[in-house]
Each structure stands twice: as structure tokens, then as C-alpha cells.
Amino acid sequence: TKWLKFANTLKLRILVQQSGMTGRTTYIKEKIATTASVGYMGVGDGALVNPGYLVSASKMNPFYNYFYSEIGSSKPDGITYYTAGKDVVDFYNATNDLRRNKFFKLGEKNTTHAGNIFGTPAANLTPFASTSQLGFIQDPVTKIIDPTSMIGSATKASPLFTDFEALFLQAEAVAKGLITTGNAQALYESAVKQSFVYMGLTPEQAATYVAQPNSKVNYTVATIPTELIITQKWAALNGIAPVTIWSDYRRSGYPAGLNFSPDVNKLGSTPPVRLLYPQTELSVNNEQVIAVGDINSFTSKIFWQNR
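Remember, it's a predicted structure, so these values are computed and weren't measured experimentally. (Residues numbered from 1 in each chain as written. Predicted model: local features only at pLDDT ≥ 70, side-chain atom pairs only at ≥ 80, totals over all residues. Heavy atoms only, no water.)

(A) Up close: the overall build of the protein chain. What the protein chain contains, in helices and strands, is 12 helices and 4 strands. A compact globule built from 307 residues should have a C-alpha radius of gyration of about 19 Å, and the protein chain, at 20 Å, falls within 12% of that. Principal-axis analysis of the C-alpha atoms places the extent of the protein chain at approximately 55 × 50 × 40 Å. Here the protein chain holds 307 residues, and 44% of them are scored as buried. Across the protein chain, contacts joining residues at least 24 apart in sequence account for 64% of those joining residues at least 6 apart. (Helix = DSSP H or I, 4+ residues; strand = E, 2+ residues; numbered from the N terminus. Rg over C-alpha atoms; globule rule 2.2 N^0.38 Å. Buried < 20%, exposed > 50% of the residue type's maximum accessible area, 1.4 Å probe, protein only. Contact = heavy atoms within 4.5 Å.)

Okay, structure coming up:
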């Protein structure tokens, strides 16, 4: 049953991605109707994978392994290279989001979380020592790693599809009338709660968070419910499912107001809209790749991206 729910939720993701297409609503509703008897992933149904990660070279969680070695020392191209983005840090700060302490740790010289905009000239950057680094939270006394922080631990399970992403998807589908049963607000608040739990926080802390009289978190005061849902999904999937975040932005434009690279040498004013086929695909499936035609990563939109 869980595998069926996983498959249905994956179908729902594909269908919701098409929800901005003109004339697609009937098709989407018909396909969603075929999943009704089994339903979707719910609370506690997250698809997590752990093939037996060990604190040993080449046997650790691959995300953790990118940043840290088996003895806990940082890798120069990892933790010292990637730091917090200003947009998401500002969002967490503006909404009193306790997850910021899990996603990011304070820099050496700052008392509040701070980030930078990629491509910002050096003269305008927040100094590295004052920039929040990615979350790898270790008790200074016991040296025990907090596995619920963003980078987690060497043995932490890898998420394929979290329960909170599944709940955000259902909330959006209900809000858009694509799923005719369920309550969009309840699904949204459940998604936020499960995100808090996944990051090692409590349901009570999540309830306090969504109860704030803030249109960026509170469903009842949100101007556009779908914007709230997708923006909070972005906040929850930070460092967990970047491709999903990118796909949501390509189809919806949410979160609104993101700052992109100010570098004068940038290739486009927006992020890429398309992934290019890798060399392996060109090598083993060349005929089909050629049939697609030339793809420009900044202009060749995928079929469901109509904005």
C-alpha cells in the first residue's frame, strides 16, 4: 500500500506541475481520479533510503560526505564554499522560523543568521565570518552531531520523497480544485508540522509558527493560498529537494521577489529553465536526443512551463 501511495504521489507531482497549462484541468482531474482508491503519502509516509550508511570512507550518506570526511573534518570544496543565501535567511528571520537554526548555523562573528546573494560583488558581500554556514550542528561538549540539521550525519537516511512535500502537493491540489476532497488549510498546516518534525522540532512549535498573524505563514490571512503553499514548500525543502523547488519556481514564479545574480557576466537575467541532456544520454540514446532538437538552457522551456 505504501508503494502504491508513493507512486500516486509521484503522479500527483507530475500532474500538479502541469496545473498552469491552458486547457489541462480536465485531463489532470481525470488522472487524479484514478488514484482515489488508494490515495497519497500522508503523515509518517516519507520515502527515506538508508542502504546501511556507515561512518567510513565511501560508505556515508552522500550529502554529508560532500561536506565532511569520516572523521568529521570539513572538506574545502564543501562547507567552506557553500553558505546561506540571503533570500531564504531573510524569509526565515521575517517569519520567526525556528528551522533556520537547523538549516544554518551562525557564522563565527554574527549573532543573527545572515546570507549573501550569489554573484554579489565582493565589496557588497556579508563577510564570510559573519555569514551563516550550512547546518552541521555538533554539541561542543559531547561532540554528538544533531542528525536533524541540514547536513545531518554520516548515517542519516536520504530522502527520496518526504511526507511534507506530499502534503504540500495535496494542499495545492485541493486549493486549486484538482482534488475535490480534503481541506487545503489542514493539509498545509500538516505539511508545515511534518517539516518541523523532520528538522527535529515539535508539533507545538509548528502550531505556534502557523498561528502568527503573518500572511507568509498563516493560511487564513494569506492573500493567495497557492502562493503561501508553494513558498512554504520552498522554505521546507531547502537543502532537501532542490530540483522540486526549481520546478515549482519555473511553473509558478513562487517564491516571488527572489534575487538572482547581479554579476555583469551572467548569461541570463533568470535562472536556467531547462536541464541539458548529459553526455551519457547522448552516448546511449542519441537518436532520441537528436529528435528533441536543440535545447537552450535559458529559453527552451519544458512543456508544462507556460510562464
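(B) Seen up close, the nonpolar core. Core analysis: the biggest nonpolar cluster contains 60 residues, and Leu12, Ile32, Phe104, Ile151, Phe168 and Tyr188 have the highest contact counts within it. Broken down by secondary-structure element, the contributors of at least two residues to this core are α1 (2-17), α2 (25-33), α3 (62-67), α4 (86-94), α6 (163-175), α7 (184-198), α8 (203-210) and α9 (225-236). With 8 residues, α6 is the largest single contributor of residues to this core. If we skip the residues at most four places from it in the chain, Phe104 touches Ala84, Val88, Val89, Tyr92, His113, Ser132, Gln133, Leu134, Gly135, Met150 and Asn238. (Core = buried A, V, L, I, M, F, W, Y, C linked by side-chain atoms within 4.5 Å.)

(C) Here's a closer look at the layout of surface pockets. In this structure, the largest pocket encloses a volume near 1,600 Å³. Every residue lining the largest pocket is counted, 45 residues in all, and those nearest its centre are Tyr82, Thr83, Gly85, Asn116 and Phe118. Every element with two or more residues in the lining of the largest pocket is listed here: α3, α4 and α10 (242-252). Top element by residues in the lining of the largest pocket is α10. It accounts for 4 residues. Of the residues assigned to the lining of the largest pocket, the class counts are 28 nonpolar, 14 polar and 3 charged. Size it by volume and the second largest pocket reaches roughly 350 Å³. For the lining of the second largest pocket, the secondary structure elements donating two or more residues are α4 and α9. Tallying contributions element by element places α4 first for the lining of the second largest pocket, with 5 residues. The residue inventory of the lining of the second largest pocket, partitioned by class, reads 9 nonpolar, 4 polar and 5 charged. (1 Å grid on protein atoms, 1.4 Å probe; cavity = no way out; pocket = protein on both sides within 12 Å on 5 of 7 lines; lining within 4 Å. Points joined across faces, edges and corners; volume = space filled by probe spheres on them. Nonpolar A, V, L, I, M, F, W, Y, C, P; charged D, E, K, R; others polar.)

(D) Expanded view of the pattern of salt bridges. Scanning the entire structure with this criterion turns up 8 salt bridges. Asp90 is the partner of Lys86 in a salt bridge, and the nearest nitrogen-oxygen pair spans 2.6 Å. Residue Lys86 and its partner Asp90 are located together in helix α4, separated by 4 residues, close to a single helical turn. Classification of Lys86 as partly exposed rests on a relative accessible area of 36%. For Asp90, a relative accessible area of 35% corresponds to the partly exposed category. Of the charged contacts in the structure, one is a salt bridge between Asp248 and Arg251, with a shortest N-O distance of 3.0 Å. Of this pair, Asp248 and Arg251 both sit in helix α10, separated by 3 residues, roughly a single helical turn. Here the two residues Asp248 and Arg251 agree in accessibility, since each one is buried. Via salt bridges that share partners, Glu172, Lys176, Lys233, Asp248 and Arg251 belong to a single interconnected network. (Salt bridge = Lys/Arg side-chain N within 4 Å of Asp/Glu carboxyl O.)

(E) Region of interest: a nonpolar patch on the surface. Taken together, the side chains of Tyr66, Tyr81 and Tyr82 define a hydrophobic patch exposed on the protein surface, amounting to about 360 Å² of accessible area. Tracing the backbone through its elements, the reader meets Tyr81 in the loop between α3 and α4. When its relative accessible area of 58% is taken as the criterion, Tyr81 is described as exposed. (Patch = residues over 30% accessible without salt bridge, like charges linked within 9 Å, V, L, I, M, F, W, Y side chains within 5 Å. Areas by Shrake-Rupley, 256 points an atom, 1.4 Å probe, with all protein chains shown as cover.)

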